[in-house]
Every structure is written in C-alpha cells, then in structure tokens.
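# An overview of the molecular structure
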Amino acid sequence: MKLILAIVSNDDSSSVSAALTKENYSVTRLATTGGFLRSGNTTIIVGTDDDRVEHAIELIGNESKRRTEIVPSTASYDIGRYASFPVEVQVGGATIFVLDIEQFVKL
Ligand code: 2BA
C-alpha cells in the first residue's frame, strides 16, 4: 500500500478531490502553506493499493494542469495615480510524493 501526498493550488483542490472520490479513492485535504511564496496551498492525502497509484496521479494531473491566466494588476505612476493592466501568471501544477505505508490500521 502507498501514501500519496499531492500539493496543489487551492483553486484546483476541489476538482482534484472530486475526481479522486468519484473513482473510489479515500481522500483527506489539508490546508497547507508553501515555504517559498508563503501563500496557501492544499495537500491532498490518499492511501491506496500499489496498483492504483498511477491512476490517482493521472487524475490529479488532469485536474491541476499548469496553465497561464490573465489577472488584473495595478501600478502607481505618480502620487495618487494608478493604472490597471493585465498580467500573465502561472497557476496550477502539482507536487506529488509517493511513500510506502508500513502499517495501515482503522480502529
Ligand atoms: P512548485 O515547485 O510547483 O511548488 C509548489 C508548492 O509545492 C511549494 O510552494 C511547496 O509548498 C510544495 N513543494 C514543492 N516542492 C517541495 C518539496 N521538495 N518538498 C516539500 N514541499 C514542496 P512554495 O514553497 O510556496 O513554492 C512555490 C513555487 O515557488 C514553486 O512551485 C517553485 O516554482 C518556486 N520556488 C520554490 N522554492 C524556490 C526556491 N528556493 N527558489 C526559487 N523558486 C522557488
């Protein structure tokens, strides 16, 4: 049995979790914070049989593809004067760890 830890953006966490649950994976979501950007992300925990790991990774990948989005941004040119312009940002993606489970107990 394996433990999958998947760190995804908060925006993708619901669809990743829904896709996994639909395929009968048990899922736990943790609210986590990235050490570099210090902003919130979500860590998804899945315990599953070895032969179902690749399918879980595929589902996570489908729902958290790295993509570019256009978001509004503002710049100040002078005291009290601001301009709004769109900027491209990279969102999504997943960082996935797969660990061996030594023991799995439900009481
Ligand atoms: P990613 O590499 O896609 O990582 C996204 C988030 O996944 C990270 O958030 C962190 O929470 C987790 N993560 C990634 N690799 C990990 C690992 N080896 N161990 C544990 N957790 C891991 P952040 O730390 O906020 O990083 C956000 C993004 O900033 C990263 O995206 C990467 O593109 C960049 N980054 C992270 N550390 C960096 C560094 N030391 N120098 C330059 N860029 C960095």
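Because the structure is a prediction, the values reported are computed rather than measured.

## Comments concerning the overall build of the protein chain
The helix and strand inventory of the protein chain stands at 2 helices and 6 strands. Secondary structure elements of the protein chain occur, N-terminal to C-terminal, as β-α-β-β-α-β-β-β. Its C-alpha atoms give the protein chain a radius of gyration of 18 Å, more than 25% over the compact-globule value 13 Å for 107 residues. Along the first, second and third principal axes, the C-alpha set of the protein chain runs to 65 × 25 × 20 Å. Residues classed as buried in the protein chain amount to 24% of the 107 residues present. When the accessible area of the protein chain is evaluated, it comes to approximately 7600 Å², of which 51% is carbon and sulfur surface. Here the protein chain holds 10 positive side-chain charges and 14 negative ones, and the gap between their average locations is 5 Å.

## Some points on the confidence of the model for the protein chain
Per-residue confidence for the protein chain gives a mean pLDDT of 92; residues scoring 70 or more make up 96%. Least confident of the elements in the protein chain is strand β4 (residues 67–78), whose mean pLDDT is 77; most confident is strand β6 (residues 94–100), at 98.

## Considering helix α1 (residues 10–22)
Given a rise of 1.5 Å per residue, 13 residues ought to cover 18 Å, and the 19 Å separating the end C-alpha atoms of α1 matches this to within 8%. The complete set of buried residues in α1 reads D12, S13, V16, S17, A19 and L20. All buried residues of α1 lie within an arc of 165° about the axis, which places them on one face of the element. When the buried face of α1 is taken as reference, the exposed residues oriented beyond 90 degrees from it are D11 and K22. Two residues or fewer past α1, N24 is found with a positive phi of approximately 70°.

## As for the pattern of salt bridges
Pairing between side chains becomes possible if they bear opposite charge and their charged atoms approach one another. Enumeration over the complete set of coordinates arrives at 3 salt bridges. Notably, a salt bridge pairs D100 with K2, separated by 2.3 Å at the nearest N-O pair. With D100 in strand β6 and K2 in strand β1 (residues 2–9), the pair connects residues that are 98 residues apart, well separated along the chain. The salt bridge partner of R67 is E69, with a shortest N-O separation of 3.7 Å. The exposure class of R67 is partly exposed, given its relative accessible area of 28%.

## Quick word on the sheet that holds β1
With antiparallel pairing, 4 strands are arranged side by side in an open sheet as β2-β3-β1-β6. One side of each edge strand has no neighbouring strand; the edge strands of this open sheet are β2 (27–33) and β6. Mean inter-strand twist for the sheet, computed between neighbouring axes without regard to direction, equals 20°. Packing of α1 onto the sheet brings it into contact with β1, β2 and β3 (40–48), and relative to β3 it is tilted by some 15°. Lying over the sheet, helix α2 (residues 53–63) contacts β1, β3 and β6, oriented at roughly 5° with respect to β1.

## So, the site of the ligand
Taken together, I7, G34, G35, F36, L37, N41, R66, T95 and F97 form the complete shell of residues around the ligand. A distance of 2.9 Å is found between an oxygen atom of the ligand and a backbone nitrogen or oxygen belonging to L37. One nitrogen or oxygen atom from the side chain of N41 is found 3.1 Å from an oxygen atom belonging to the ligand. In the complex, the protein chains occlude 43% of the 760 Å² of accessible area that the ligand would expose alone. When grouped by side-chain class, the residues that make up the shell around the ligand number 4 nonpolar, 4 polar and 1 charged.

Cut-offs and rules
The residue numbers shown here count from 1 along each chain, following its written sequence. Restriction of local features to residues with pLDDT of at least 70 applies here, the model being predicted, together with a cutoff of 80 or more for giving and counting side-chain atom pairs; totals for whole chains, interfaces and linings are based on all residues. Each side-chain value is worked out from all heavy atoms of the structure, with water and hydrogens disregarded. Secondary structure elements follow DSSP: runs of H or I of four or more residues count as helices, runs of E of two or more count as strands, with numbering from the N terminus. Our radius of gyration looks at C-alpha atoms and nothing else; its globule reference is 2.2 Å times the residue count to the power 0.38. Only protein chains enter the accessibility calculation, which uses a 1.4 Å probe; a residue is then buried when its area is under 20% of its type maximum, exposed when over 50%, and partly exposed in between. Only the protein chains shown count as cover for residues, with accessible areas throughout obtained via the Shrake-Rupley method and a probe of 1.4 Å. Only four residue types enter the tally: Lys and Arg on the positive side, Asp and Glu on the negative side; His and the chain ends are excluded. The atom standing in for a charge is NZ when the residue is Lys, CZ when it is Arg, CG when it is Asp and CD when it is Glu. Each residue carries a pLDDT value, the predictor's own confidence for that position, ranging from 0 to 100. For a helix, the expected span equals 1.5 Å multiplied by the residue count minus one. Directions are taken from the helix axis to each C-beta atom, and the arc is the one they span. When a carboxyl oxygen of Asp or Glu lies within 4 Å of a side-chain nitrogen of Lys or Arg, that pair is called a salt bridge. Any two strands with at least two DSSP-identified bridges between them are counted as paired. Angles run from 0 to 180 degrees between N-to-C directions of axes, and those axes are lines fitted to C-alpha atoms, restricted for helices to the stretch in contact. A contact between two residues is defined here by any heavy atoms of the two lying within 4.5 Å. Here a residue is near a molecule or strand as soon as one of its heavy atoms is found within 4 Å of it. We define a polar contact as two N or O atoms separated by no more than 3.5 Å, with the added condition that, inside protein, one atom must be a possible hydrogen donor and the other a possible acceptor, whereas residues neighbouring each other in sequence contribute only through side-chain atom pairs. Any residue that is not Ala, Val, Leu, Ile, Met, Phe, Trp, Tyr, Cys, Pro, Asp, Glu, Lys or Arg is counted as polar, Gly included; the first ten are nonpolar and the last four charged.

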